[in-house]
Amino acid sequence: MSTATVAAEPVTVAEPSAGPGRTDLFHYWESQQRSLGFSQGIRVDNTVWLSGTAALDKDFQPVSPDDLPSQMKFIYQRIEESLGSYGLDFRHVVRENMYVTDMAALVGALPYRKSVYGDGPFPTSTTLQVNQLLLPGLMIEIEVTACRALP
C-alpha cells in the first residue's frame, strides 16, 4: 500500500461578502475551489463544516488512485490539517459522512478510521456507496462537521 503526504498549506480567508462571523478556508488549490464554487471549510460561530475531502494533490489530481486505504489515510491527514486551521481536532467532530465507490474495500480500512477517533468521543456517521466521485481513481470522500464548543 502506498501513501502520499502533501503539506496542505491552508490559507484562511475571511470573505467580507459572506457576512459577519463567517471564516472560509481554502487550500493550495484555491483557484479550483473558486472555479468550482466551494470553500474547503466554513466556520460560523462555534460550528465548522468541512467540504467532502478527497485524496487530491497540489495539481488537483488523485493521490493513490484506486487504493481506498491509502486515500483514507491521506484524507484524514487533510481533515486534521483543516480542523487545525480552526484550532480543532477530531475530538470536536460531531458528524462524519463517507462516500465510497466500493463498500467491500471500505470494510478493510475501517480499523484505521477507528484509530483516528481512538476511544472517542465518536461522531455520528453515515456511509453511502456511490457510482463514482469527481475524478477517476477516487474511491472515498469524507465530510465532517465539528463544534468549537466541545472541550
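As the structure is a computational prediction, the values presented were derived from the model and not from experiment.

### Points about the overall build of the protein chain
- Summing up its helical and strand segments, the protein chain has three helices and seven strands in all.
- When the helices and strands of the protein chain are read in sequence order from the N terminus, they spell out β-β-α-β-β-α-β-α-β-β.
- By sequence separation, contacts in the protein chain at least 24 residues apart represent 67% of the contacts at least 6 residues apart.

### Structural notes on the confidence of the model for the protein chain
- Across the protein chain, pLDDT averages 85, with 76% of residues at or above 70.
- Low pLDDT, under 50, characterises residues 1–8; the stretch is placed with 26 contacts to residues that sit more than four places away or in other chains.
- In this model residues 12–17 is a low-confidence stretch, pLDDT under 50, and it forms 13 contacts with partners more than four residues away in sequence or in other chains.

### Focus: helix H2 (residues 68–85)
- The terminal C-alpha atoms of H2, which comprises 18 residues, lie 25 Å apart, in line with the 26 Å expected from a rise of 1.5 Å per residue.
- Of all the positions in H2, only Leu68, Ser70, Gln71, Met72, Phe74, Ile75, Tyr76, Arg78, Ile79, Ser82 and Leu83 are classed as buried.
- Phi turns positive one or two residues past the end of H2, at Gly87, with a value near 75°.

### Overview of the pattern of salt bridges
- If you walk through the whole model with that rule in mind, you get five salt bridges.
- Residue Asp89 pairs with Arg91 through a salt bridge whose shortest N-O separation is 2.6 Å.
- Exposure remark for Asp89: the relative accessible area of 26% places this residue in the partly exposed category.

### What about the packing of H2 against helix H3 (residues 103–117)?
- For the pair H2 and H3, interaxial distance at closest approach is 9 Å and the crossing angle is 25°. The orientation of H2 with respect to H3, classified from their angle, is roughly parallel. In this structure, the crossing between H2 and H3 has a hand that is right-handed. Every residue of H3 that contacts H2 at Leu68, Pro69, Met72, Lys73 and Tyr76 is listed here: Ala105, Leu106, Ala109, Tyr112, Arg113, Val116 and Tyr117.
- A class-by-class count of the residues in the contact of H2 with H3 yields ten nonpolar, no polar and two charged.

### Digging into the nonpolar core
- By size, the foremost hydrophobic cluster in this structure holds 26 residues, and its most contacted members are Tyr76, Ile79, Leu83, Phe90, Ile140 and Ile142.
- Of all the elements, H2 adds the most residues to this core, at seven residues.
- Residues within four places of Ile140 in sequence aside, it is in contact with Thr53, Ala54, Leu68, Gln71, Met72, Ile75, Met98, Tyr99, Val100, Leu106 and Leu133.
- Judged by nonpolar contacts, the second largest core, of five residues, contains Ala54, Leu56, Phe60 and Leu133.

### As for the packing of aromatic side chains
- Using the criterion set out here, one finds four aromatic pairs in the structure.
- Measuring from ring centre to ring centre gives 5.8 Å for Tyr76 and Phe90, while their planes differ by 70°; the resulting arrangement is edge-to-face. Highlighted residues: Tyr76 in helix H2 and Phe90 in the loop between H2 and strand S5 (93–100), separated in sequence by 14 residues. Just as Tyr76 is buried, Phe90 falls in that class too.

### Quick notes on H3
- The end-to-end C-alpha distance of H3 is 20 Å, a good match for the 21 Å that 15 residues give at a rise of 1.5 Å each.
- The largest bend along H3 reaches roughly 50° and is located at Ala109, with the proline Pro111 sitting one to four residues downstream.
- When we look at burial in H3, the residues that qualify are Leu106, Ala109, Arg113, Val116 and Tyr117.
- Its buried side turned inward, H3 meets H2, S5, strand S6 (124–129) and strand S7 (140–147).
- For H3, the N-terminal cap is Asp102; the gap from its side-chain oxygen to the backbone nitrogen of Ala104 is 3.0 Å.

Rules used throughout
Residue numbers here run from 1 along each chain, matching the order of that chain's written sequence. In view of the model being predicted, local features appear only for residues whose pLDDT reaches at least 70, and side-chain atom pairs are presented and counted only at 80 or more, with totals across whole chains, interfaces and linings using the full set of residues. As a convention, hydrogens and water are excluded, and side-chain values are obtained from all of the structure's heavy atoms. By definition, any uninterrupted DSSP run of H or I lasting at least four residues is a helix, any uninterrupted run of E lasting at least two residues is a strand, and each is numbered from the N terminus. Any two residues whose heavy atoms approach within 4.5 Å at even a single point are treated as in contact. Residue-level confidence of the predictor, termed pLDDT, takes values from 0 up to 100. One less than the number of residues in a helix, times 1.5 Å, gives the span that helix is expected to have. The classification of residues rests on relative accessible area computed with a 1.4 Å probe and restricted to protein chains. Under 20% of the type maximum is buried, over 50% is exposed, and intermediate values are partly exposed. Each reported salt bridge corresponds to a side-chain nitrogen of Lys or Arg within 4 Å of a carboxyl oxygen of Asp or Glu. Only C-alpha atoms enter the line fits that serve as axes; for helices the fit covers just the stretch in contact. Angles between N-to-C directions range over 0 to 180 degrees. Angular relationships are summarised with four words: roughly parallel below 35 degrees, roughly antiparallel beyond 145, roughly perpendicular across 65 to 115, and oblique for the angles in between. By convention the crossing between two helices is left-handed if the near helix lies anticlockwise of the far one by an angle smaller than a right angle, and right-handed if it lies clockwise. Residues are grouped as follows: nonpolar covers Ala, Val, Leu, Ile, Met, Phe, Trp, Tyr, Cys and Pro; charged covers Asp, Glu, Lys and Arg; every other residue, Gly included, is treated as polar. Among buried residues, those of type Ala, Val, Leu, Ile, Met, Phe, Trp, Tyr and Cys that are joined through side-chain atoms within 4.5 Å constitute a nonpolar core. Each pair of aromatic rings taken from Phe, Tyr and Trp, with Trp reduced to its six-membered ring, is defined by centres within 6.5 Å and is described as stacked if the planes are under 30 degrees apart, edge-to-face if over 60, and tilted in the remaining cases. Values of bend correspond, residue by residue, to the angle between axes fitted over the seven residues ending at that residue and the seven starting there. Whenever a nitrogen or oxygen atom comes within 3.5 Å of another N or O atom, the pair is scored as a polar contact, on the condition that within protein one atom can donate a hydrogen and the other can accept it, and that pairs from neighbouring residues in sequence are kept only if both atoms are in side chains.

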